[in-house]
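So you can see what is in the structure, the chains are spelled out below.
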Amino acid sequence: MSSSPLAADPPRPPRAAPGAGGAAGTAAGRGKSKAKVRSVFRCSECGTSSHRWVGHCSACSAWNTYVEEFDDPSPSTGASALRASATSDTPVAISEVDVAEWSAVPTSVSELDRVLGGGLVPGSVTLIGGEPGIGKSTLLLQAMGGLATRGTVLYVAAEESKQQVRLRAERLGTLRPRLLLVSETDIGSVLAHIEAVKPSVVVVDSIQTVHHPQLSSAPGSVAQVRECASILVQEAKGRNVSVVLVGHVTKDGSLAGPRVLEHLVDTVLTFEGDRHHAVRVLRAVKHRYAGTGELGLMEMTGLGLLPIDDPSGMLLADRRPGVSGSVVAALTDGNRAVLQEVQALVVRLAGDTGAKFPRRAAEGIDANRLALLLAVLRQHAGVDASSSEVYASVVGGVQIDDPGADLAVVAAIASAQSGKPLPDDLVVFGEVGLGGEVRQVQHADRRLAEAVRLGFRRAIVPKLSPEAPPGIQALRVETVHEALVVCGSANLGARRGGSVDTGRASTRRDPNDGRDGNDGRDGNDGREGREGREGRDGDRDGRDDRSRRSSPPRPDGRGGWESGRS
Ligand code: TYD
Ligand code: MG
């Protein structure tokens, strides 16, 4: 496989001669010498050109790298010619640059505005990518309904008829007199409409369905998408109109074909979610006007997309307390902290029926990460699931890439393996290293604050996390092993009548560092030694605590956590 970013775009040998598809004289050819616009196919890896499409580059041996582009027959490359053609801008002192017209215009879709840092900036180009059917058109129609109360909006429906869009707008309640619809796919016609309407915002839905008639490549190909987008970028800058481009993503997650678009535009937003779940996540992966840390969370409803004001509450709504293999993870996405349930299921395969490579499946978590965490659990915490099927998932249909979820995954697997549930009031976060260590993650304060808000009282956190806010007790751990011991001990409290004795749980941490964020309400002053803790474990387990005193609690059968179901 070629590593070219163009690999995502299906190669398509041209059927017509370059330029043959060109309907005469559209505005799309602007800026090119009228009669002599020719296209050439160029290898995106090494730059070799050819007058016809080839699948294999004879110069660099790359496959599927030839992309059509315009060949300017009379380039003016001399310095004097370039200087003569240089125009418009004049250098000014940086402090004198006028930024007044760059203030963002709110769209009235609060989550979109949050991600954009206020709204759409005039003259900016925004690309919104997402899988087909995820809700990009819905989101934009709602946003344009808001913007059309402030100025004229031109919505170019290149995929749907005007009737379809109108019916949807009716349902969304965004019928506005200044929201103008046009159903066009020819970039020249789009430019003509912009010229005629002079809108303040243009939406092109989608960039993959508009085409430049003078390129023989199919609509949606890299050449078409790149050429059409760059024309629209020039239009945005030239007229100070905000342009929003919709782009479908391919299976591998890249914006179909046009990775090239990402550097052309000012802002790249991704709209994600599982089509079978209502939650939609909006992120900025590139934003030239504000930070990319904000996360937008919305719910797809019969009335369109609605903001999720309490994402953690919503994601935890269906959680069944007291079930083994379920852990609440305090995660962050960008700057936003969200509590999510991580679940694991460990199915022990009996004797001969055990497969050599038992099945592992992950949903919402990277499968490689799951494999890594299983190896760490086995090597450093004595939890061996090598002859069991292991399933792990994050509830809600959202893909997690926060390393802080590691510790929750580990705790969920260990809980599933032992059949022992964790207490209801416990959240977990921390990154797990290959050495079995628990590493710090960013925004520990936000994670803990969110946990407090939702009524959680204890958190297993990396040892060096900052002070916990009032209302929650930080159980600091250095290793995965230690975390499981804390989970196991805490669990015993939970099994007694459902409520948790935080005082007891708090004693599970290393008493030596004295930085447990303990607010003092639980009576733990950090002076209690390991002996005392083990003794109580033993009591609660109903086992002989003296045997525990001779060795530290282990999650592999001698502590609360077994390597198999007991
Ligand atoms: P759409 O915005 O067309 O997706 P995209 O433009 O990303 O391809 O949304 C498609 C889905 O959203 C469709 O399956 C129906 C659903 N939907 C709702 O559930 N509620 C609504 O109000 C609307 C407009 C769409
Ligand atoms: Mg759409």
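Quick look at the structure, then. (Residues numbered from 1 in each chain as written. Chains lettered and ligands numbered in written order. Predicted model: local features only at pLDDT ≥ 70, side-chain atom pairs only at ≥ 80, totals over all residues. Heavy atoms only, no water.)

Here we look at the pattern of salt bridges
A complete count under the given rule lists 21 salt bridges for this structure. The shortest N-O distance in the salt bridge between Glu 69 and Arg 226 comes to 3.2 Å. Here Glu 69 is found in strand β3 (residues 66–71), whereas its partner Arg 226 is found in helix α6 (residues 222–239), with 157 residues between them in sequence. The class of Glu 69 is partly exposed, set by a relative accessible area of 22%. When its relative accessible area of 27% is taken as the criterion, Arg 226 is described as partly exposed. Its salt-bridge partner being Glu 111, residue Arg 114 comes within 3.6 Å of it at the nearest N-O pair. In this pair, Arg 114 and Glu 111 are both assigned in helix α2 (residues 110–116), three residues apart and thus about one turn of the helix distant. With a relative accessible area of 33%, Arg 114 lands in the partly exposed category. Given the relative accessible area of 5%, Glu 111 is considered buried. When salt bridges that share partners are traced, they join Glu 111, Arg 114, Glu 294 and Arg 336 into one network. (Salt bridge = Lys/Arg side-chain N within 4 Å of Asp/Glu carboxyl O. Helix = DSSP H or I, 4+ residues; strand = E, 2+ residues; numbered from the N terminus. Buried < 20%, exposed > 50% of the residue type's maximum accessible area, 1.4 Å probe, protein only.)

Remarks on the packing of helix α3 (residues 136–147) against helix α4 (residues 162–172)
Interhelical geometry of α3 versus α4 gives an angle of 65° and a closest axis separation of 10 Å. In terms of crossing hand, the pair formed by α3 and α4 is right-handed. Together, Ser 137, Thr 138, Leu 141 and Gln 142 of α3 and Val 165, Arg 168, Ala 169 and Leu 172 of α4 make up the contact between the two elements. Residues that form the contact of α3 with α4 fall into these classes: four nonpolar, three polar and one charged. (Axes fitted to C-alpha atoms, helices over the stretch in contact; angles between N-to-C directions. Left-handed = near helix turned anticlockwise from the far one by under 90°. Contact = heavy atoms within 4.5 Å. Nonpolar A, V, L, I, M, F, W, Y, C, P; charged D, E, K, R; others polar.)

Quick notes on the site of ligand 1
Contacts to ligand 1 come from 16 residues, most closely from Gly 133, Lys 136, Ser 137, Thr 138 and Thr 301. Between Ile 134 and ligand 1, the recorded distance is 3.3 Å, taken from a backbone N or O atom to an oxygen atom. Gly 302 is positioned with one of its backbone polar atoms (N or O) 3.4 Å from an oxygen atom of ligand 1. When ligand 1 is considered free in solution it has 560 Å² of accessible area, and contact with the protein chains removes 73% of it. (Near = heavy atom within 4 Å. Polar contact = N/O pair within 3.5 Å; in protein donor to acceptor, adjacent residues only side chain to side chain. Areas by Shrake-Rupley, 256 points an atom, 1.4 Å probe, with all protein chains shown as cover.)

Digging into the nonpolar core
Counting 42 residues, the largest nonpolar core has Val 342, Leu 377, Leu 407, Ile 413, Ile 460, Val 480 and Leu 484 as the members making the most contacts within it. Looking at which element gives the most residues to this core, the answer is helix α10 (residues 406–418), with nine residues. One finds Ala 148, Leu 269, Phe 271 and Met 298 within the second-largest nonpolar core, a separate group that totals 31 residues. (Core = buried A, V, L, I, M, F, W, Y, C linked by side-chain atoms within 4.5 Å.)

Focus on the sheet that holds strand β4 (residues 125–130)
A sheet is described by the order of its strands in space; here nine strands give the open sequence β6-β5-β7-β8-β4-β9-β10-β11-β12, paired in mixed fashion. Each edge of the open sheet is held by one strand with a lone partner, namely β6 (179–182) and β12 (304–307). The average undirected angle you get between the axes of adjacent strands in this sheet is 25°. Along the sheet, helix α5 (residues 187–197) makes contact with β5 (153–157), β6 and β7 (201–205), crossing β5 at roughly 160°. (Pairing = 2+ DSSP bridges.)

Focus: the sheet that holds strand β1 (residues 38–43)
If you walk across this open sheet you meet the three strands as β2-β1-β3, and the pairing is antiparallel. Two strands close off the open sheet at either side, each with one partner strand: β2 (49–50) and β3. Bridging between β1 and β2 involves two bridges; their strand directions are antiparallel. When the bridges of β2 are listed, Arg 42 appears paired with Ser 49.

Some points on the packing of α5 against α6
For the pair α5 and α6, interaxial distance at closest approach is 11 Å and the crossing angle is 10°. Judged by the angle between their axes, α5 and α6 are roughly parallel. Taking contact as the criterion, the partners of Ile 187, Val 190, Leu 191, Ile 194 and Glu 195 in α5 are, on α6, Cys 228, Ile 231, Leu 232, Glu 235 and Arg 239. Looking at the contact of α5 with α6 residue by residue, the classes come out as seven nonpolar, no polar and three charged. (Parallel < 35°, antiparallel > 145°, perpendicular 65-115°, else oblique.)

A few points about the environment of Thr 292
By the secondary structure assignment, Thr 292 is in the loop between β10 (279–287) and β11 (295–301). Once the C-alpha coordinates of Thr 292 and Gly 117 are considered, the two residues, 175 residues apart in sequence, prove to be 8.7 Å apart. Those residues in contact with Thr 292, other than ones at most four positions away along the chain, are Ala 284, Val 285, Lys 286 and His 287.

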